[in-house]
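Secondary and tertiary structure notes
Residues per chain, in single letters:
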Amino acid sequence: MVLQYESPVRVYKYPFELVMAAYERRFPTCVLIPVFIGSEILSEWQSPDGSQKITERRCQIHVDAPYLLKKLVGVDYVFFHQKNDLNLKNRTLDIEVKNESFTNRITLMEKCRYYVHAENSEWTCYEQAASLEIHSFFGFESTIEKLAMKQYSQNVATGKEVIEHFIKELKNEGVTFIAPWKPSEKQEEEVDEKAKVANGGSITLMNEVTSDLSAKLNDSCRLKRQGSISPTGTCDNQLTLEADYIKRYLGDLTPLQESKLVQLKKSFVHSHKGKLPSDSTLLRFLRARDFNLEKARDLLSHSLIWRKKHNVDQILSDYQMPQVISEYFPGGWHHYDKDSRPLYILRLGQTDVKGLLKSVGENGLLKLAMHVCEEGLKLTEEATRVSGLPVTTWSLLIDLEGLNMRHYWRPGIRALLHIIEIVEANYPETLGHVLIVRAPRVFPILWTIISTFIDERTRTKFLLYGGNDYQEEGGLADYIDPSIVPDFLGGPCETKIREGGHIPKSLYLPESELEKEGVIMGENSIYSSFSLHRGQVFEVVIRIKDVGTVITWDFDVMRQDVVFTIYRISKEIDLKDGPASSPGSEQKSIIDRSWKEGEDYEKVENSFVCHDGESVQGSHVTQFVAVYILQWKYAQIVSQLSHEGSGDCPRSSSSHKAQIMYFYELLHSADYRGSMTSLQSAQSGFSALSTRSAVSHAPSR
């Protein structure tokens, strides 16, 4: 395997000739580079006019390796061959280094280049690249690889400091300027005469044109810059990245991380057609794959195809927000956190999940999420320019006040998981902190479901506060300035974020469109349906084996009114889990009329009437290992409710049958309680939620 390393461009704000004078002081040895023991000149050559000089050296390097390895190979030093090609006319220095020791076991090649900055002739640039191929090394191949990576990082980190040190030394000696090389007058005359004779003056003319074009190019680049470093890197930003630019706009990276960024950019320059990803985008995908170059390239390539397919680059200008989103979606941007990150607030507890999904569909919610993510990227770029700091992520504040089991609507959860999957794949490493406040008791149940779909790196960014813990020490004030805490959280700052609330059914999409998306009923729908005539009941048998298991339910009353109740059976009976009777049959209750309430069965959730068109979600935490019954019966006058378990219902005044769509699920206590433990352990800054807060006891409607 060949390992590649490539550093970004280092910029010395000194003329090329002064940098070269400082560079020469590194030889024959340099106390600032401890591993560099010394060097000897093998050969030197200089052109007749003095414009070019080629020097070959043999360098002795201390083996910075474990004691055992040094004893095994039997050496404390290794030797490298260095060839320097200094061209004073072109103002370049090309350096090539390769190993002399262990050439049959490893091949190390390093190439470096000093040259004049394209936009400022008084500055000097430095590039460095290396490759390492390990053939075999006594079984220590991985150790050698780590040593090479360590050595490369040290060289990059100390190289600039060494040049700066010797330039300061030169200045202390009074050397602040070294004139660039120029040919003698006689040489200039000879060159001009030969050029005119050979080309009829065409060379001279071409030189003038080339010089003029170069000057215009440099002027054009300067106009694009507002300071010494441009947000686009360098003038020729298709291939190069400047180290100072990386630090200013992308943040502090290790030399190896910088190397991966440079390599990833060059690979897309050479292979990608169309608009290139921004440097911050490249860095985000590298971070998402722990700077594994191949994995990052693969992830980004798929994302670019996805963006093109869905025309994502135009979403900020083309997106038309649906009326229901603009009026009922309780989310929006709100100032910046203490790290200058844009802050997005989502009042999830006030969101009518079912209403949103039935109004805009899953595709509509996905487009909204994409629009928010694109806005976030744009705002981070603006924050970087305004704050003077590298801002590459935005923060999310989620208010869960009002969250209950109505939010545990299965199509809504399914849509949310699909959106999370797409965002994770195409917007990795865009979130700074995810601050969750006023988490209710049902939150661990929801977290159990969605957490497994969130990348592990992203999960570590979640900070959870239950109740009013966010107002205490270690709460929101650690991340958000108190002056911008929203008014609905007790702060002084008004927000433009909508209240949310129930979405009128008049804004729902036609059922035919909803069915296509699987929101109501479809080929892959998880919902079942049944009908009830007068005097009939429909029951689902659930056998609970572990105390603390949560029964969750979600049903829509499509026609007429029904009464819903939950029972626990104390008697020993042989029943199979699932529906106790089939729609259309003579449906009677499992609970016999001869049974006594309190002895043979108990009502664990009070009966309540569910009207035509209502959606009902809820949960119950089981307290016994027993058989539980979910029961629906044709509506009866509330004042006449009696013998609920008998299935003997008074006749309704209507002869039409009732129709219900339902879904239920069991959540085992070990799962959702464990999720809260893992969530809290992800960050030491989490406020503690007691185990009592991990359950919900009341149904919600």
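In what follows, the structure referred to is the one given above.
Residues numbered from 1 in each chain as written. Predicted model: local features only at pLDDT ≥ 70, side-chain atom pairs only at ≥ 80, totals over all residues. Heavy atoms only, no water.

**Overview of the layout of surface pockets**
Here the largest pocket defines a volume of roughly 1,400 Å³. Every residue lining the largest pocket is counted, 43 residues in all, and those nearest its centre are K275, L276, P277, S278 and T281. Secondary structure elements with two or more residues in the lining of the largest pocket: α6 (243-249), α7 (255-271), α8 (279-288), α9 (293-309) and α12 (353-387). Within the lining of the largest pocket, the residues separate by chemical class into 16 nonpolar, 15 polar and 12 charged. (1 Å grid on protein atoms, 1.4 Å probe; cavity = no way out; pocket = protein on both sides within 12 Å on 5 of 7 lines; lining within 4 Å. Points joined across faces, edges and corners; volume = space filled by probe spheres on them. Helix = DSSP H or I, 4+ residues; strand = E, 2+ residues; numbered from the N terminus. Nonpolar A, V, L, I, M, F, W, Y, C, P; charged D, E, K, R; others polar.)

**A word on unusual backbone geometry**
Across the junction of F27 and P28, the peptide omega takes the value 5 degrees, indicating a cis bond. Topologically, P28 is positioned in the loop between α1 (16-24) and β3 (36-46). Phi at F291 is positive, roughly 60 degrees, even though this residue is not glycine. As for its placement among the helices and strands, F291 is situated in the loop between α8 and α9. On the basis of relative accessible area, F291 is assigned to the buried category, the value being 15%. A positive phi angle, near 55 degrees, is found at H335, a position not held by glycine. (Buried < 20%, exposed > 50% of the residue type's maximum accessible area, 1.4 Å probe, protein only.)

**Remarks on the packing of α8 against α9**
Packing of α8 against α9 leaves a shortest axis separation of 8 Å and a crossing angle of 125 degrees. As summarised for this structure, α8 and α9 are arranged oblique, according to the angle between their axes. Where α8 crosses over α9, the two elements pack in a sense that is right-handed. Packed against α8, whose contacting residues are T281, L282, F285, L286 and A288, the element α9 presents L293, A296, L299, L300 and S303 at the interface. Split by residue class, the contact of α8 with α9 holds eight nonpolar, two polar and no charged. (Axes fitted to C-alpha atoms, helices over the stretch in contact; angles between N-to-C directions. Parallel < 35°, antiparallel > 145°, perpendicular 65-115°, else oblique. Left-handed = near helix turned anticlockwise from the far one by under 90°. Contact = heavy atoms within 4.5 Å.)

**Overview of α7**
If you check α7, its first and last C-alpha atoms are 24 Å apart, about what 17 residues at 1.5 Å a residue would give, namely 24 Å. Of the residues making up α7, those classed as buried are P255, L256, E258, S259, L261, V262, Q263, L264, K265, S267 and F268. (Expected span 1.5 Å × (residues − 1).)

**Considerations on α12**
Here α12 is 35 residues long, yet its end C-alpha atoms lie only 36 Å apart, well below the 51 Å a rise of 1.5 Å per residue gives. The sharpest bend along α12 reaches about 95 degrees and sits at G361. When you tally the buried positions in α12, you get 26 out of 35 residues, the bulk of the element. Backbone geometry just after α12 places G388 at a positive phi near 75 degrees. (Bend = angle between axes of the 7 residues up to and from the residue.)

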